[in-house]
Amino acid sequence: MSAGSGGLSSGGPGGQVGGAAGTAPRTVFGHLEPYAGDPILSLNEAFQADPRPDKVNLSIGIYFDDAGRIPVLDCVRRAEAQMLEESGPKPYLPIEGSAAMRKAVQGLLFGAGHEAVASGRVATLQTVGSSGGLRVGADFIRRWLPGAQVWISDPSWDNHRAMFEGAGLAVHAYPYYDAATGGVRFDAMRDTLAGLPAGSIVLLHACCHNPTGVDLSRAQWEALVPLLRERGLIPYLDLAYQGYGDGIEEDAFALRLLAAAGLTFFVANSFSKSMSVYGERAGALSVVCADRAEAELVLGQLKATVRRNYSSPSIHAAGIVARVLADPVLRASWEADVAAMRSRIQAMRRALHDVLAAKRPGRDFGYFLTQRGMFSYTGLAAAQVDRLREEFGVYLVRSGRICVAGLNSGNVERTAAAIAAVVA
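To keep things clear, this report deals only with the structure shown in the data block. Keep in mind the model is a prediction, meaning the values are calculated, not measured. (Residues numbered from 1 in each chain as written. Predicted model: local features only at pLDDT ≥ 70, side-chain atom pairs only at ≥ 80, totals over all residues. Heavy atoms only, no water.)

### Let's talk about the environment of L41
Note the cut-off: Secondary structure elements are defined from DSSP: runs of H or I of at least 4 residues count as helices, runs of E of at least 2 residues count as strands, and each element is numbered from the N terminus. Think of it in three bands: with a 1.4 Å probe and only protein chains considered, a residue is buried below 20% of the maximum accessible area for its type, exposed above 50%, and partly exposed in between.
Within the secondary structure layout, L41 lies in helix α1 (residues 39–49). Under the relative-accessibility criterion, L41 is labelled partly exposed at 48%.

Here is the structure:
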């Protein structure tokens, strides 16, 4: 193209793009807005840079043992040793992922011999973590359920809104957490859902609600199912913490209830916490359909969605999960480890409560004992959270959410004393 043709020129080694005569050249990406950073990951970076030796990280959602380390589970170590011994070619997995992992995931979620699995009406993908599963499902909804809007709890995990909005879906919030009681605003939640148009997507935390730790009771789930069915709403369950609430089987109660009621729904699940394999990005997305034929159609279009994105998931993650879940010895070891992790979190909740109750006898800290899973809402204001970080080196997100799994026998008392010092 000639210089006088009116086309763009490189503008030299700086990569500038020429404008009209007499105007200053501009760079290709100079108009971009700076990325503010993820608030939780950015806070974790600030924690790493803090030189104080007694600092405490209660921000990021990672399970640490009582020595403050990310554990390597024995079942995972042994599964990886088997994989190394049998090492061979590492081809691409199919778009939908490992057949062995997908089968194991269905058994874990729905239980052995569940009708939905036996009848073939569950479409399951291995995904890049449960985050990948959530996003694949969001893209699928945007393509095949046009006009559907998404409703998330108030509050919810921040990335829920970002992922669904990033897929081009409108996202709204339904009432959930009651700051006055530390429970669920169930009547308000139910009233809101009763007014939604048919086909609305309702994102629900199957257990261990993030960020509050406040879950629906079994009775509330049982009251919710008829409403979801009658209104034609489509549940989308996020199950990132199976085993951290009441137990591996118990924490699958909600999705098995929905399946038994004949509802069509999505469920994204993760093994990051339960197997302590964060960087492996081991997750899955399952869609419970009306019948086998519909499940085959759904699986096909989910595969098309993945192909347009990352093509196929990790072979190593699949091997770990499939072996641990399918081998009786490794499965028993894993279940014992999950029970021990859950027990340690509960012990930290009790210790935090007991110290706070002793230091602030006029206040009710009972919510620490009723909330479940890795997270708790402390009720602290942003200014109080800032004081904890600046004066005491205790890091938590500004919503007041803490990761209870960051507490241990060496820091829980000091953390509780710091919280007691900043509460009104």
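### A closer look at the sheet that holds strand β12 (residues 282–288)
Neighbouring strands of a sheet are bound in pairs by backbone hydrogen bonds; such pairs are parallel or else antiparallel. Filter applied, for reference: Paired strands, as defined in this entry, are two strands with at least two bridges between them according to DSSP. Each axis is a line fitted through C-alpha atoms, and for a helix only the stretch in contact is used; angles between axes span 0 to 180 degrees, taken between their N-to-C directions.
On the basis of which strands lie adjacent, the open sheet formed by 7 strands has the order β4-β12-β11-β10-β9-β5-β6 and mixed pairing. Here the strands that pair on one side only, and so sit at the sheet edges, are β4 (122–128) and β6 (171–175). In this sheet, neighbouring strand axes are inclined to one another by 25° on average, regardless of whether the strands run parallel or antiparallel.

### Some remarks on a nonpolar patch on the surface
Which entries qualify depends on this criterion: Patch members must show over 30% relative accessible area and no salt bridge, and they are joined within 9 Å when carrying like charges or within 5 Å when they are nonpolar side chains of Val, Leu, Ile, Met, Phe, Trp or Tyr. A 1.4 Å probe and the Shrake-Rupley method give the accessible areas. Residues count as covered only by the protein chains that appear here. In the sections that follow, a salt bridge refers to a side-chain nitrogen of Lys or Arg positioned within 4 Å of a carboxyl oxygen of Asp or Glu.
On the surface, V28, F29 and L32 cluster together into a nonpolar patch covering about 310 Å² of accessible area. Along the chain, the position of F29 falls in the loop between β2 (26–27) and α1. What makes F29 exposed here is its relative accessible area of 60%.

### So, the nonpolar core
Threshold: Definition of nonpolar core: a set of buried residues of the types Ala, Val, Leu, Ile, Met, Phe, Trp, Tyr and Cys, connected through side-chain atoms within 4.5 Å. Here a residue-residue contact requires only that any non-hydrogen atoms of the pair lie within 4.5 Å.
Counting 108 residues, the largest nonpolar core has L224, F265, F271, M275 and W334 as the members making the most contacts within it. In terms of residue count, helix α12 (residues 328–359) provides more of this core than any other element does, 9 residues in total. Here W334 is in contact with L73, C75, L108, I248, S274, M275, V324 and L325, once residues within four sequence places are set aside.

### A few points about helix α15 (residues 412–422)
Among all positions of α15, only V412, T415, A416, A418, I419, A420 and V422 are buried. Looking at the buried residues of α15, the elements they touch are β3 (56–57), α12, α14 (382–392) and β14 (394–395).

### Here we look at the state of the cysteines
The criterion, for reference: Our working definition of a disulfide is a cysteine sulfur pair at a distance within 2.5 Å.
With the rule as written, the count across this model stands at 0 disulfides. C75 forms no disulfide, and the closest cysteine sulfur to it belongs to C207, at a distance of 18 Å. Judged by its relative accessible area of 0%, C75 falls in the buried class.

### Describing helix α11 (residues 315–326)
For clarity, the threshold we go by: One less than the residue count of a helix, multiplied by 1.5 Å, gives the span that helix is expected to have. In the analysis that follows, any N or O atom pair within 3.5 Å is treated as a polar contact, provided that within protein one partner can donate a hydrogen and the other can accept it, and provided that, for residues neighboring in sequence, both atoms belong to side chains.
Compared with the 16 Å implied by 1.5 Å per residue over 12 residues, the 16 Å span of α11 between its first and last C-alpha is a close match. Listing the buried residues of α11 in full gives A317, A318, G319, I320, V321, A322, V324 and L325. Lining the buried residues of α11 we find α2 (74–85), α3 (99–110), β4, β12 and α12. Regarding α11, its N-cap is S314, as a side-chain oxygen of that residue lies 3.2 Å from the backbone nitrogen of H316 further along.

### Section: the packing of α12 against α15
Counted only if it meets this: Note that the term roughly parallel is reserved for angles under 35 degrees, roughly antiparallel for angles over 145, roughly perpendicular for angles of 65 to 115, and oblique for everything else. Crossing handedness is defined as follows: a turn of the near helix away from the far one that is anticlockwise and smaller than a right angle gives a left-handed crossing, while the clockwise case is right-handed. Residue polarity follows a fixed list, in which Ala, Val, Leu, Ile, Met, Phe, Trp, Tyr, Cys and Pro are nonpolar, Asp, Glu, Lys and Arg are charged, and the others, Gly among them, are polar.
The N-to-C vectors of α12 and α15 enclose an angle of 45°; their axes lie 9 Å apart at closest approach. Our classification of the angle between α12 and α15 gives oblique. Handedness of the α12/α15 crossing: right-handed. Of the residues in α15, those in contact with M348, A351, L352, V355, L356 and K359 of α12 are V412, E413, A416, A417, I419 and A420. Each residue belonging to the contact of α12 with α15 can be placed in one class, and the counts come to 10 nonpolar, no polar and 2 charged.

### Observations regarding empty space enclosed by the protein
Keep this limit in mind: Using a 1 Å grid laid over the protein atoms alone, points where a 1.4 Å probe fits but cannot get out form a cavity; open sets with protein on both sides within 12 Å along at least 5 of 7 lines form a pocket; any residue with an atom within 4 Å of a point counts as lining. Grid points are joined across faces, edges and corners, and a volume is the space filled by probe spheres set on the points.
Enumeration according to the criterion identifies 2 cavities of 30 Å³ or more in this entry. Here the largest cavity is characterised by a volume of approximately 40 Å³. Forming the boundary of the largest cavity are L108, Q242, N269, S270, F271, S274 and W334. Considered class by class, the residues forming the lining of the largest cavity number 3 nonpolar, 4 polar and no charged. Together, Y174, Y176, L204, H205, H209, L216 and W221 line the second largest cavity.

### What to know about unusual backbone geometry
Put simply, D154 and P155 share a cis peptide bond, and its omega is 0°. Following the sequence through the fold, P155 ends up in the loop between β5 (150–154) and α6 (158–166). With an omega of 25°, the peptide bond between N210 and P211 qualifies as cis. Here P211 is to be found in the loop between β9 (201–205) and α8 (218–231). For C208, which is not a glycine, the phi torsion comes out positive at approximately 55°. Structurally, C208 can be placed in the loop between β9 and α8. For S311, which is not glycine, the phi dihedral falls at a positive 75°. For S311, a relative accessible area of 23% gives the class partly exposed.

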